[in-house]
Amino acid sequence: MQDAPSRLQVRLAADAASVPAARRFVADGLTAWGEGGLVDAAELVASELSSNAALHASAEFMHVTLERPAAAAGVRVAVEDDGPVGVEAVLPRALAGHDLDWDELDATGRGLTIVAMLAGRWGVDETTRGKRVWADLDGGAAHAALDPERAEPDAGPVDGDLPPGWALVRLVECPVALSLRQDSHLDELVRELQLLGVDEHNHESAAIAEEIRGLLVSPTHARLTGRRAAEQARDDHLDFVDVEMAMPREFGVLVEQLQRAVARADRLCEEGRLLTLASPAELRALRAWMTHEVLGQTSGGTAPMSWPAWLAATPAV
């Protein structure tokens, strides 16, 4: 326990679908630190802060950080976003504290009031990237205190910043346009399967639709983070980008299962039983590479292999 890092960090897409991942991240980190008594409060704080960043900050990404001081009890949960909405959106609510009528508060104000009730101290920092809202939890009485300051943004997460059981998957030299195409194709496929799934006579499509839906639920935050990275690279006129996605290691198996389910759906497309066109060869190759990388890095701890290197080593594809 003493060798565990005192600071954990994960980058997530600023999207409501990432909120469960933020809760899982802080729960896993606190469990590894032997701070199980703080898990419930920390999960709620992480949920409120990440929800605000996802829904109200107009941000692309958010960084969730969990810290524990070297010589004091308690932990700090923080969420930094890169959105244009400044600290003034948080400060007035912080100053008002519990004096506001609950019915007068919007969703953001209510969430921050909950944070204030749980935290020993909490506040907001302006950073060069955006803003960071933080809360200190010590398991004792809660008294909200605002302590704003200017701070530098956190660096991106590295393997040592993640809780035990998590991995940072790197997709090296991921082809930007092709990545966005395959993501869009998967969305189209899922939509059609869901529509066909309501047809009680189309049992196979319904079964595949249900399987794909279930497999997409847990790794959604990683998929969104990868999509955001590709979209930013496209806007920057880049052809390739290194994508980093933090996820619990068991997600690697889910991604492999998803690959097999999509392959079965592709066969339905080829048989003309779906309107969506079957994945072309280049999309199938990209999915195979992504599955290989995610499974290898989460389960086997293998080093990343770039997309060009994987193509060169897999001539059959």
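Small disclaimer: the values here were computed from a predicted structure and weren't measured.

Reading guide: rules and limits
Residues numbered from 1 in each chain as written. Predicted model: local features only at pLDDT ≥ 70, side-chain atom pairs only at ≥ 80, totals over all residues. Heavy atoms only, no water. Helix = DSSP H or I, 4+ residues; strand = E, 2+ residues; numbered from the N terminus. Buried < 20%, exposed > 50% of the residue type's maximum accessible area, 1.4 Å probe, protein only. Contact = heavy atoms within 4.5 Å. Polar contact = N/O pair within 3.5 Å; in protein donor to acceptor, adjacent residues only side chain to side chain. Salt bridge = Lys/Arg side-chain N within 4 Å of Asp/Glu carboxyl O.

Participant: Just checking my understanding: could you explain the overall build of the protein chain for this structure?
Facilitator: Scanning the protein chain from terminus to terminus reveals ten helices and eight strands. Counting only residues that meet the buried cut, the protein chain has 47% of its 317 residues in that class. For the protein chain, restricting intrachain contacts to residue pairs at least 6 apart in sequence, the fraction spanning at least 24 positions comes to 72%.

Participant: Would you mind showing me how to read the side chain of His185 here?
Facilitator: Within the secondary structure, His185 is located in helix H5 (residues 176-197). With relative accessibility at 8%, the residue His185 sits in the buried group. In this structure the side chain of His185 is engaged in a polar contact, spanning 3.2 Å, whose partner is the side chain of Arg287. With residues up to four places along the chain from it excluded, the contact list for His185 reads Asp266, Thr276, Leu277, Ala278, Ser279, Leu283 and Arg287.

Participant: Sorry, what's going on with the pattern of salt bridges here?
Facilitator: Side chains that differ in sign of charge can pair as their charged atoms come close. Enumeration over the complete set of coordinates arrives at 20 salt bridges. Ionic pairing is found between Arg7 and Glu67, a salt bridge with its closest N-O pair at 3.6 Å. Placement of Arg7 in strand E1 (residues 7-13) and of Glu67 in strand E2 (residues 61-67) is noted, with a sequence separation of 60 residues between them. By relative accessible area, which is 29% here, Glu67 ends up partly exposed. We note a salt bridge from Arg24 to Glu250, for which the minimum N-O separation is 2.8 Å.

Participant: It is not clear to me how unusual backbone geometry should be interpreted in this structure. Could you clarify?
Facilitator: A negative phi angle is the norm for most residues apart from glycine, just as the trans form is the norm for most peptide bonds. A positive phi angle is found at Ser58, which is not glycine, with a value near 55°. Within the element layout of this structure, Ser58 appears in the loop between helix H2 (39-56) and E2. Even without glycine at this site, His237 takes up a positive phi of about 60°. Relative to the helices and strands, His237 resides in the loop between helix H7 (220-235) and strand E8 (240-248). Judged by relative accessible area, His237 falls into the exposed class, the value being 72%.

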